Structures are given as structure tokens and as C-alpha cells.
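Commentary on secondary and tertiary structure
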Amino acid sequence: MKIHIIGCSGTGKTYFAKKLLNKYNIPHYDLDNIYWDNSSQKYGIKTEIEKRDKLLLNILEKDDWIIEGIYYKWLEQSFKNADIIYILDLPKYIYKFRIIKRFVKRKLKLKLETGKKETLKSLLDLLKWTDKFQDEDMKEIIKILEKYKEKVYFVKSKKEIKEILKRKLF
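Here the residue numbering is sequential within each chain, running from 1 through the sequence in written order. Note on the predicted model: pLDDT of at least 70 is required for a residue's local features to be given, and 80 or more for side-chain atom pairs to be given and counted; whole-chain, interface and lining totals, by contrast, use all residues. To obtain the side-chain values, all non-hydrogen atoms of the structure were included, while hydrogens and water were left out.

Considerations on the nonpolar core
Residue types Ala, Val, Leu, Ile, Met, Phe, Trp, Tyr and Cys, when buried and joined through side-chain atoms within 4.5 Å, form a set referred to as a nonpolar core. Exposure is judged per residue with a 1.4 Å probe applied to protein chains only, and the accessible area is read against the type maximum: over 50% gives exposed, under 20% gives buried, and values in between give partly exposed. Within the largest apolar cluster, 31 residues are counted, with the highest numbers of intra-cluster contacts made by Leu-31, Ile-67, Trp-74, Phe-79 and Leu-145. Segments assigned H or I by DSSP are reported as helices when at least four residues long, segments assigned E as strands when at least two residues long, and all are numbered from the N terminus. Elements represented by at least two residues in this core include exactly α2 (32-35), α3 (49-60), β3 (65-69), β4 (84-88), α5 (92-108) and α6 (120-145). Contacts are residue-level and defined by heavy atoms, with any inter-residue pair within 4.5 Å sufficient. The residues contacting Leu-31, other than those within four sequence positions of it, are His-4, Leu-56, Ile-67, Glu-68, Gly-69, Tyr-71, Trp-74 and Leu-75. Core analysis: the second largest hydrophobic core is formed by 17 residues, Tyr-24, Ile-84, Leu-88 and Ile-161 among them.

And the structure:
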């Protein structure tokens, strides 16, 4: 089974992917770990394109995968190979609240987590960016995925995610 999950920051992509992983034992790949250079000491450094594309191809060659992220411009092969594409399209107030909550949690656990090195400015930039993503990028994503409409499913709430998880995908 090959599943691609796409949606704005804070919509529950990682939550959904981990639930699917637990239910079906399918490897989960967060595109942030490919797109961003997490080995960099600075926040916001991108992985070189050639390296990023090679990492993605290594995943796509596997028999089963769950890929999740906000990205779409360089993922045509992932969309083509996917058996199911979920678009998480939750209301703005939900994902903005989740983004702020995640930021606060990371700041409180800063010494315990080796994760992202966000600042208040990066949080504000992300909140602003999410508006652009929903207003512009989501329209482009829907247009790109039109040719795969038979395998695209829109998810508008956490309740729908839970309903999907109750069903058998394959």
C-alpha cells in the first residue's frame, strides 16, 4: 500500500500517518526530513535538491510507504505511484491553534527535544504562510491532483480521520 498525505501545517498529517503506520505496519516518511537539512545548526536550511530527490526516489522504490507533507511541486512521481492520496483540508482555526500549541510544547521541552529550533518570528512567519498555502497552494494542489481524482480523498475533520482508521484500506 502506498499512501500520500498532503495538507497545511497543523492539519494532522503526522498524526494520521502514525495511526496508519500502527494499523498497517507501513513505513512512514515525513517530507520535512527530506526537504529540510536537520543536520544544520540553523533553522530553515534546505537539503540540496539533488540529494532531496534521491532520498525521495529511494522511498518510492519501496513496496509500501506513507509519505506526508505540505510539498507538491517536486512530488509528481509520488502522486503517480500512490494508491491513495489524502488531502487534509481542515478549518483555519484548528490548524492555527495546533501550530501554536506545537510551538509552545517544543519550547517547554527544548532541553529534552533535539527537534526544530524555532523562534517566535518563525512561528509568526508560519502562521502567515499557512494563509497563503490555503488560499493559493491548495488550489494548485487540487489542480495537479485532478488527473488522479479516482484515488484522491478530501478529509475535512479529525472525525473523518477516525472514520477512515476504522475501515480496512486493503
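Focus on the side chain of Lys-2
Its place among the elements puts Lys-2 in strand β1 (residues 2-7). By the counting scheme adopted, Arg and Lys are positive, Glu and Asp are negative, and His together with the chain ends is not counted. Each salt bridge in this description consists of a side-chain nitrogen of Lys or Arg and a carboxyl oxygen of Asp or Glu lying within 4 Å of one another. Buried charge without a salt bridge: Lys-2, with Asp-63 as the nearest opposite-charge side chain at an N-O distance of 5.8 Å. Apart from residues lying up to four places away in sequence, Lys-2 is in contact with Leu-60, Lys-62, Asp-63, Asp-64, Trp-65, Asn-81, Ala-82, Asp-83 and Ile-84.

Focus on a positive patch on the surface
A patch consists of residues whose relative accessible area exceeds 30% and which take part in no salt bridge; residues with like charges are grouped when within 9 Å of each other, and nonpolar side chains (Val, Leu, Ile, Met, Phe, Trp, Tyr) when within 5 Å. Per-residue accessibility takes into account occlusion by the displayed protein chains alone, with areas from the Shrake-Rupley method and a 1.4 Å probe. Where a charge lies is defined by one atom per residue type, namely NZ (Lys), CZ (Arg), CG (Asp) and CD (Glu). A surface patch of positive charge is lined by Lys-19, Lys-101, Lys-105, Lys-109, Lys-158, Lys-159, Lys-162 and Lys-166. At the level of elements, α5 and α7 (158-166) are the ones that each hand at least two residues to the positive patch. For the positive patch, the element with the highest residue contribution is α7, accounting for four residues. Within the secondary structure layout, Lys-158 lies in helix α7.

Section: a nonpolar patch on the surface
A surface patch of nonpolar side chains, about 290 Å² in accessible area, is lined by Ile-100, Val-104 and Leu-108. In this fold, Ile-100 is placed in helix α5.

Thoughts on α5
A helix is expected to span 1.5 Å multiplied by its residue count minus one. Across its 17 residues, α5 extends 24 Å between first and last C-alpha, which sits within 8% of the 24 Å expected from 1.5 Å per residue. Restricting attention to buried positions, one finds in α5 the residues Tyr-95, Ile-99 and Phe-103. Here the buried residues of α5 occupy an arc of 80° about the axis, which is enough to place them on one side. Along α5, exposed side chains directed more than 90 degrees from the buried face belong to Tyr-93, Phe-97 and Leu-108. Residues of α5 that are buried sit in contact with α6. Picture the helix axis, draw a direction to every C-beta atom, and the arc is the one those directions span.

Quick notes on the pattern of salt bridges
By the definition in use, this model includes 10 salt bridges. With a closest N to O distance of 3.7 Å, Asp-135 and Lys-92 form a salt bridge. Of the two residues, Asp-135 sits in helix α6 while Lys-92 sits in helix α5, which places them 43 residues apart along the sequence. Accessibility expressed as a relative area gives 39% for Asp-135, which makes it partly exposed.

Here we look at unusual backbone geometry
Here the phi dihedral of Asn-25 falls at roughly 60°; this positive angle occurs in a residue that is not glycine. Take Asn-25: it is sitting in the loop between α1 (13-24) and β2 (28-30).

Structural notes on the packing of aromatic side chains
The aromatic pairing rule takes the rings of Phe, Tyr and Trp, using the six-membered ring of Trp, and pairs them if the centres are within 6.5 Å, calling planes under 30 degrees apart stacked, those over 60 edge-to-face and the rest tilted. Tallying each qualifying case throughout the model produces seven aromatic pairs. With centroids separated by 6.1 Å and ring planes inclined at 20°, the aromatic side chains of Tyr-35 and Trp-74 adopt a geometry described as stacked. With Tyr-35 in helix α2 and Trp-74 in the loop between β3 and α4 (76-81), this residue pair connects regions lying 39 residues apart in the sequence. Given the relative accessible area of 16%, Trp-74 is considered buried. Note on Trp-129 and Phe-133: the rings are 5.0 Å apart at their centroids and 40° apart in plane angle, and the pair reads as tilted.

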